[in-house]
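# Descriptive structure summary
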Amino acid sequence: MHIKTLTHTILTMNNYELTKDAVDFINDDKLHSLINNTVEDKARIREIFQKSKSKQALTVEETAQLLAIKSPELLEELYETARELKRSIYGNRIVLFAPLYIGNYCINNCQYCGFRSSLSAAVRRTLSEQELVAEVASLEKEGHKRLILVYGEHPRYTPEYIAQTVKTCYNVKVGNGEIRRVNINAAPLSIEGFRTVKEAGIGTFQVFQETYHKETYKKFHPGPGIKSDYMWRLNAMDRAFEGGHDDVGIGALFGLYDWRFEVLGLVEHAHHLQDRYGVGPHTISFPRVQPAYGLDLHLPYQVTDEQFKQLVAILRMAVPYTGLIMTARETAEVRDAVIEFGVSQIDAGTRLEIGGYQEERGKNQELNREQFKVGDQRELDSVIQWLLTRGFIPSFCTSCYRVGRTGEHFMEYAIPGFIGRFCTPNAMLTLAEYIEDYSSDATKKAGYELIERELGYIKDEAKRADVAAKLELIKNGKRDLLF
Ligand code: SAM
Ligand code: SF4
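Summary of the structure given here. Nothing here was measured: the structure is a model prediction, and the numbers come from that model.

On to the layout of surface pockets. Space inside the largest pocket adds up to approximately 490 Å³. Along its surface, the largest pocket is lined by 23 residues, and G417, I419, G420, R421 and T424 are the ones closest to its centre. Counting residues per element, the ones that place at least two in the lining of the largest pocket are α5 (72-90), α17 (408-414), α18 (418-437) and α19 (441-457). For the lining of the largest pocket, the class distribution of residues is 10 nonpolar, 6 polar and 7 charged. Space inside the second largest pocket adds up to approximately 320 Å³. Taken together, 19 residues make up the lining of the second largest pocket; nearest its centre are Q274, V279, G280, Y321 and T322. Residue assignment for the lining of the second largest pocket shows that the elements contributing at least two residues are α12 (259-277) and α17. When grouped by side-chain class, the residues that make up the lining of the second largest pocket number 9 nonpolar, 8 polar and 2 charged.

Any two side chains of opposite charge can pair, on the condition that their charged atoms come close. As enumerated under the stated definition, the model contains 37 salt bridges in all. Residue D238 is joined to R276 by a salt bridge in which the shortest nitrogen-to-oxygen separation is 3.8 Å. Placement of D238 in helix α11 (residues 236-242) and of R276 in helix α12 is noted, with a sequence separation of 38 residues between them. Note on D238: relative accessible area 1%, which makes it buried. For D480, the salt bridge is made with R402, and the minimal N-O distance between the two is 2.6 Å. With D480 in the segment after α20 (461-475) and R402 in helix α16 (residues 399-403), this residue pair connects regions lying 78 residues apart in the sequence. Taken together, the shared-partner salt bridges in this structure form one network comprising K173, E178, R180, R402, E433 and D480.

With that settled, consider the nonpolar core. Within the largest apolar cluster, 148 residues are counted, with the highest numbers of intra-cluster contacts made by I184 and F286. Counting residues per element, this core draws most heavily on α18, which supplies 11 residues. What F286 contacts, discounting residues up to four positions off in sequence, is A252, F254, F308, L311, V312, L315, L324, I325, M326 and V343.

Cut-off values and rules
Residues numbered from 1 in each chain as written. Chains lettered and ligands numbered in written order. Predicted model: local features only at pLDDT ≥ 70, side-chain atom pairs only at ≥ 80, totals over all residues. Heavy atoms only, no water. 1 Å grid on protein atoms, 1.4 Å probe; cavity = no way out; pocket = protein on both sides within 12 Å on 5 of 7 lines; lining within 4 Å. Points joined across faces, edges and corners; volume = space filled by probe spheres on them. Helix = DSSP H or I, 4+ residues; strand = E, 2+ residues; numbered from the N terminus. Nonpolar A, V, L, I, M, F, W, Y, C, P; charged D, E, K, R; others polar. Salt bridge = Lys/Arg side-chain N within 4 Å of Asp/Glu carboxyl O. Buried < 20%, exposed > 50% of the residue type's maximum accessible area, 1.4 Å probe, protein only. Core = buried A, V, L, I, M, F, W, Y, C linked by side-chain atoms within 4.5 Å. Contact = heavy atoms within 4.5 Å.

Here it is, written out as structure tokens:
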């Protein structure tokens, strides 16, 4: 089918309507003025650090102050504040997940993407039901419990189709393996479409704005394809809320425009959702553009490693109730340098080729089968070992979502003792499950050492005994115990 006809089909199918009171909450002039006219003010910046330590979200103006930091001394203080927030307020666990690419047919023409419609050399494929089951089985055999399903934008990926793939994932059970939470990264839907997908029992629905800067947005999304409409995308998470979601993920693709503009855009977006729906985004993602097949982009706004570190620390302080996701687009070295500044979730053992989890790593890994190049190529067990040596508890916890405690990031941050009561014990239990069912000997040793140490930190005797008893049950074959 011709691409214009496909676009028309999607518009009709999607009931192409914004929410009734849709607003463009990104004022380009205001954000530019904040970036250009805010100068480093030491006293003010230190006040903002204090505000942040007292668990308050920052305004866009305060965020702009942090973006204006240049002096090495203040930068060090910024990192120290982010580190302290991460350790003392969020605890030391890192949630692990795997992305699973379902299909890469796409009507859009995003200039940075290896799946863009104009790239005729891209190998197009959608997993069959049988192949999807095999992919999920492979992931379960590695030890994964949390997935994010990823789709191009195409009439074949209807809300009903997405819902069906979610159900398929939940139904695959291999040995003690099961998928306990499925998140989605797909094209923005209509309110009804979002409702259909929500009813399949998903966790977070992610849509990245890519760039909040309108002119740049136009340049990188020239069409054809519905993604060329900035407002259709900016309004996506509003429609998700109207369609019954209370758990949405936003993001920006860093490198398309000034990183400071994108940080302010993300903060504006978070405030908009918080003001309108009483809940901010569950997660923020901040991918940097990676090399992709057929990509010859001139990117004057590419973000350096140092800027990347700064933007993560600033986001941690600006939106304290929101989880931060750092993906395997980044190399192992960058992930190691940045993780302590407030990241709460990472993917591991990532394969981006469609059907890639059943293949040997490196085999058939031509770039024209991937959306972009993965930076961190380590397997799940190696990533877990790395986290353990850094003193983090790798976690597969899905507890809040499954017992109906939505808004967990808000609770972690706002309810005293929440992390000690729920998050840390659940991280320990899911790590013990991983160790018993999937880990290498080295990971087993390091993992149980960390669990013992963490047990010792639990002050409440009854709680400590409760966690120890559940750990014992896991060693004896019980699974899916949670607080
Ligand atoms: N097709 C849907 C969409 O565009 O919203 C969802 C899936 S898309 C495959 C997921 C995200 O990958 C995009 O939102 C974009 O931010 C990111 N992405 C695309 N090309 C990339 C590249 N070359 N490097 C890094 N991330 C990229
Ligand atoms: Fe398609 Fe998404 Fe890639 Fe754009 S980013 S070309 S919409 S898969």
